[in-house]
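Take a look at the letters that make up each chain.
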Amino acid sequence: MCLFPTSGGLEMKAAPGGEVDKWRTRMVLLCGVHAVVGVLNLISGNVWDGIFDFLGAGIGYYGSRDRERMQPTMILCYVVFVIMDCFWACLSAMLLIAQVKQGEGAGWQKSMFEILTYITVFFYAGAIFVSYRLYKLLQRQFAMGDLEGGRVAGSYGGGVPSGYGGGGSFPAPGVVRPPTDQRLMERSGTGGSSSAFKGQGYRLGDGKRVG
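> Would you mind going over the overall build of the protein chain with me for this structure?
Counting secondary structure elements, the protein chain contains five helices and two strands. Written out in order from the N terminus, the α and β elements of the protein chain read α-α-α-α-α-β-β. Within the protein chain, counting contacts between residues at least 6 apart in sequence, those at least 24 apart form 63% of the total. Accessible surface for the protein chain amounts to roughly 12,800 Å². Of this, 62% is attributable to carbon and sulfur atoms.

> Explanation requested: the layout of surface pockets in the structure shown.
If a probe as big as a water molecule is rolled over the atoms, it shows which places are left empty. Approximately 250 Å³ is the volume found for the second largest pocket. What lines the second largest pocket is a set of 15 residues, and nearest its centre among them are Asp49, Asp85, Trp88, Ala89 and Tyr124. Sorting the residues of the lining of the second largest pocket by element identifies helix H2 (47-64), helix H3 (72-97) and helix H4 (107-144) as the ones contributing at least two each. With six residues, the top contributor of residues to the lining of the second largest pocket is H3. Taken together, the residues of the lining of the second largest pocket break down into seven nonpolar, five polar and three charged.

> How should H4 be read in this particular structure?
Residues separated by three or four positions in an α-helix point in the same direction, a consequence of the helix having 3.6 residues per turn. Spanning 38 residues, H4 covers 55 Å between terminal C-alpha atoms, matching the ideal 56 Å at 1.5 Å per step. The principal kink in H4, of about 30°, is found at Thr120.

> Before we go on, may I ask you to explain the packing of aromatic side chains in this structure?
The relative placement of two aromatic rings is captured by the distance of their centres and the angle of their planes. All told, the structure shown has four aromatic pairs when counted by the stated rule. Residues Phe87 and Trp88 carry aromatic rings whose centres are separated by 5.2 Å and whose planes lie at 70° to one another, so their mutual orientation is edge-to-face. Trp88 matches Phe87 in its accessibility class, with the two residues each being exposed. The ring of Tyr62 carries the charged tip of Arg65 above its face, separated from the ring centre by 4.2 Å.

> Is there a simple way to think about a nonpolar patch on the surface in this case?
Nonpolar side chains collect at one region of the surface, where Val36, Val39, Leu40, Leu42, Ile43, Val47, Trp48, Ile51, Phe52, Phe54, Leu55 and Trp108 lie side by side and expose about 1,100 Å² of accessible area between them. Broken down by secondary-structure element, the contributors of at least two residues to the nonpolar patch are helix H1 (19-43) and H2. Examining the composition of the nonpolar patch, we find that six residues originate from one element, H2, more than from any other. Within the element layout of this structure, Val47 appears in helix H2. In this structure Val47 comes out as partly exposed when scored by relative accessible area, which is 42%.

> When you look at the side chain of Ser131 in this model, what are you seeing that I'm missing?
Along the chain, Ser131 turns up in helix H4. When sequence neighbours within four positions are dropped, the list of residues in contact with Ser131 reads Met27, Ile75, Tyr78, Val79 and Val82.

> Looking at this structure, I do not really get the side chain of Thr120. What am I missing?
Position of Thr120 relative to the elements: it lies in helix H4. Within the local environment of Thr120, its side chain forms a polar contact with the backbone oxygen of Thr117, the two atoms lying 2.9 Å apart. If sequence neighbours within four positions are ignored, Thr120 has contacts with Val37 and Ala89.

> In this structure, what is going on with unusual backbone geometry? I would like to understand it.
Working note: non-glycine residues mostly have negative phi, and peptide bonds are mostly trans. Within the chain, Gln99 stands out as a residue other than glycine whose phi angle is a positive 60°. Along the chain, Gln99 falls in the loop between H3 and H4. For Gln99, a relative accessible area of 72% translates into the label exposed.

About the criteria used
- Residues numbered from 1 in each chain as written.
- Predicted model: local features only at pLDDT ≥ 70, side-chain atom pairs only at ≥ 80, totals over all residues.
- Heavy atoms only, no water.
- Helix = DSSP H or I, 4+ residues; strand = E, 2+ residues; numbered from the N terminus.
- Contact = heavy atoms within 4.5 Å.
- Areas by Shrake-Rupley, 256 points an atom, 1.4 Å probe, with all protein chains shown as cover.
- 1 Å grid on protein atoms, 1.4 Å probe; cavity = no way out; pocket = protein on both sides within 12 Å on 5 of 7 lines; lining within 4 Å.
- Points joined across faces, edges and corners; volume = space filled by probe spheres on them.
- Nonpolar A, V, L, I, M, F, W, Y, C, P; charged D, E, K, R; others polar.
- Expected span 1.5 Å × (residues − 1).
- Bend = angle between axes of the 7 residues up to and from the residue.
- Phe/Tyr/Trp six-rings, centres within 6.5 Å; stacked < 30°, edge-to-face > 60°.
- Buried < 20%, exposed > 50% of the residue type's maximum accessible area, 1.4 Å probe, protein only.
- Lys NZ or Arg CZ within 6 Å of the ring centre and 35° of its normal.
- Patch = residues over 30% accessible without salt bridge, like charges linked within 9 Å, V, L, I, M, F, W, Y side chains within 5 Å.
- Salt bridge = Lys/Arg side-chain N within 4 Å of Asp/Glu carboxyl O.
- Polar contact = N/O pair within 3.5 Å; in protein donor to acceptor, adjacent residues only side chain to side chain.

Have a look at this one:
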């Protein structure tokens, strides 16, 4: 499941200070909080959720930790992880409200489990928003090539797909690169090769023929 064509092992850069980099930083902080949630789940006796929290946080952190080598497929995997986490947290919260389910262990662990279950519903919802936002920004950057400051650092396996930029450097902040499409240049009258004037003309004033 991936919206990038032939993107196995794809690596991308994020322009320092750009929108992608800002959301990358938020993603890294999110993964740190996710790891803390995993620890709290383990303490409350919710062992399996704690293990999966650690696994998901590791995947998200690995995909976004390096501005120079971001991995969209890993970030997408994290999106899928937190969607499943949010679903199970919502289900557990409804079972707790219906008094069908309760925590295990000592009394304080049961109370901790209940409180944590309700909190994680909102945490996972926020994690979905942040991670998916970062993924969509990377997808847009990939589709637009260098125009949004993106540079594909990895290989595509079968070569660069048609219509996608496969290299180049980041433009300076605030600089928009001019179009390089030959068709646009031809339409504006600036493209194509120049040739000498081969017709006849007249000099203004005396009416004498020139050429």
